[in-house]
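Chain by chain, the residues run as shown.
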Amino acid sequence: MATDSARLQAPEPFIQRPPQPTGPLAPQTFMRGLGLICFVAALALPFISASPYLISILTSAFIYIVLAMGLNVVVGYAGLLDLGYIAFMAVGAYTSGILTTTFGFSMLETIPFVIVACIIAGIIIGGPTLRLRSDYLAIVTLGFGEIVRITANNLSVTGGPTGIHGIPTWSFFGWSFADGLNLFGLYFNSKILLYYFVLIVGIGGGVVAAARLGKGKMGRAWKSIRDDEDVSEAMGINGYRTKLMAYIIGAIWGGFAGTLMGAHLSAISPNSFLFLYSALVLMAVVLGGMASTPGVIIGALFVSLAPEFLREFSDWRFLLFGLLLVVTMVFRPKGIWPENSVLPFLKKREATEPVDDENAEAVKGS
C-alpha cells in the first residue's frame, strides 16, 4: 500500500506567476471604483434633471443593458450565436402581462412564473438544437424568434396583433410605484421609482450576477467550450450540458428584461419583438466587446441612446447611426472594450524569469 510520501506530486512551475498588482491603480480595483462612481452618478441623476423624457430613455437603456448581459452569457461566454434572443424577452413580457391583466397578479408575483416559462422555452429550443454549431444554430434560433412572435400575433390570450395594454407597474405588498413616494420632503413619481428599481435591481443585481457567473467555475467552462469544444470535452467538460445551462441562464435574463420593459411601457405587442431588436442586442454585445462586462454596458448604451441623440436629424438619423457603427467596427474590430483589456495607465503584471532549478534546466537542455 502506497504511503503519502510515495504519492506522485506535481512538479514546481518553471515560471512563477507574477503577483496581482495592488493599490488604486490595480486594474480590478480601478474598474470596481469606476463602476461604483458611475452607479452613484446614475443614482444622483434624477436630483439634477428629472425630465420625463430623460428618465424614460435612460430606463429603456438600462433594460437594454440587462438584456445584453443575458445575451453576453450565451454569445460572449459560451460562444453560441443566437439570432432570436428577443424571443425570451417576449416570453417574459407576455407571461407577466397576461398574469397581471387577466388574472390580477402583481408584477412581483409573476416572477416565479416568468422564470419557469423562460426555463421551459430555453429547454424547448436549446435541448434539441444545441448539438448544432455555428451557422446551423444561428438559423434555428432565428426561426425560434420568429415562431414566438408569429404565435403571439395569432393567439387571443396574447391580444393578437394589438397585444396587451394596461400592464401595471411594480407593486410590493399593496404599495405600488403608481402611488408615488414622499421621502424627506421629496416626491418621487412612478417613472422615477421604476428608474431606480431598474438601476438597482437590473444593473446593480443582474449585471453584477452575470459578471460573477463569467468569472466562476461555470464561466470558465463556458469559455472553454467557446474556445475549443472538442478539447474541453476531452478534458471532462460536458459540452452539451454546459451550453444548455448558458442558454437557460440567458433566457432567464431575457425574460426578466421583458417584465421590466412591459412595466415601463405598460403595453406590449408582437411588433415589439421583431428580428431587428435581436440584431440590435447582438450588435451591442459584439460592438462593446464579447465577454466584457464594461464593453457590453457601453455597447448597450450606444445602441439604445445613439438613435435618440441623433433624433434631430429626423430621417437621416438611422443612416448616421449605421455610419457610426461601421466606423466604430473599423477602428475597434474587437469591440470598444475587449475582454481582458487594461487601460494604459494602470498597473500590469510584470513578467518573471524562469525558476532556476534542475527541472527548468532540464527543459531548457531538451
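Residues numbered from 1 in each chain as written. Predicted model: local features only at pLDDT ≥ 70, side-chain atom pairs only at ≥ 80, totals over all residues. Heavy atoms only, no water.

## Some remarks on the overall build of the protein chain
Item 1. When helices and strands are counted, the protein chain shows 13 helices and 6 strands.
Item 2. Counting only residues that meet the buried cut, the protein chain has 44% of its 366 residues in that class.
Item 3. When contacts within the protein chain are restricted to residue pairs at least 6 apart in sequence, those whose partners lie at least 24 apart make up 74%.
Item 4. For the protein chain, the accessible surface area stands at approximately 19,700 Å², while carbon and sulfur atoms represent 67% of it. (Helix = DSSP H or I, 4+ residues; strand = E, 2+ residues; numbered from the N terminus. Buried < 20%, exposed > 50% of the residue type's maximum accessible area, 1.4 Å probe, protein only. Contact = heavy atoms within 4.5 Å. Areas by Shrake-Rupley, 256 points an atom, 1.4 Å probe, with all protein chains shown as cover.)

## Concerning the packing of helix 6 (residues 190–215) against helix 9 (residues 239–265)
Item 1. Running from N to C, helix 6 and helix 9 cross one another at 175°; their axes reach a closest spacing of 11 Å. If you check the angle between helix 6 and helix 9, you find them roughly antiparallel. On helix 9, the residues touching K191, L194, F197, V198, V201, G202, G206, A209, A210 and L213 of helix 6 are I249, W253, F256, L260, A263 and H264.
Item 2. Taken together, the residues of the contact of helix 6 with helix 9 break down into 12 nonpolar, 3 polar and 1 charged. (Axes fitted to C-alpha atoms, helices over the stretch in contact; angles between N-to-C directions. Parallel < 35°, antiparallel > 145°, perpendicular 65-115°, else oblique. Nonpolar A, V, L, I, M, F, W, Y, C, P; charged D, E, K, R; others polar.)

## Here we look at the pattern of salt bridges
Item 1. The tally for this structure, following the rule as stated, stands at 5 salt bridges.
Item 2. Residue R226 pairs with E339 through a salt bridge whose shortest N-O separation is 3.5 Å. One end of the pair, R226, is in helix 7 (residues 217–227); the other, E339, is in the loop between helix 12 (317–331) and helix 13 (358–365), with 113 residues separating them in the sequence.
Item 3. Taking relative accessible area as the criterion, R226 reaches 27% and is therefore assigned partly exposed.
Item 4. Overlapping salt bridges bring together K223, R226, D227 and E339 as one network. (Salt bridge = Lys/Arg side-chain N within 4 Å of Asp/Glu carboxyl O.)

## Considerations on the side chain of T141
Item 1. Considering the arrangement of structural elements, one finds T141 in helix 5 (residues 134–154).
Item 2. Classification of T141 by relative accessible area gives buried; the value is 0%.
Item 3. Within the local environment of T141, its side chain forms a polar contact with the backbone oxygen of A138, the two atoms lying 2.8 Å apart.
Item 4. Not counting chain neighbours up to four residues away, the residues in contact with T141 comprise L81, D82, L83, G84 and Y247. (Polar contact = N/O pair within 3.5 Å; in protein donor to acceptor, adjacent residues only side chain to side chain.)

Interpretation in functional terms is not warranted from these geometric data alone.
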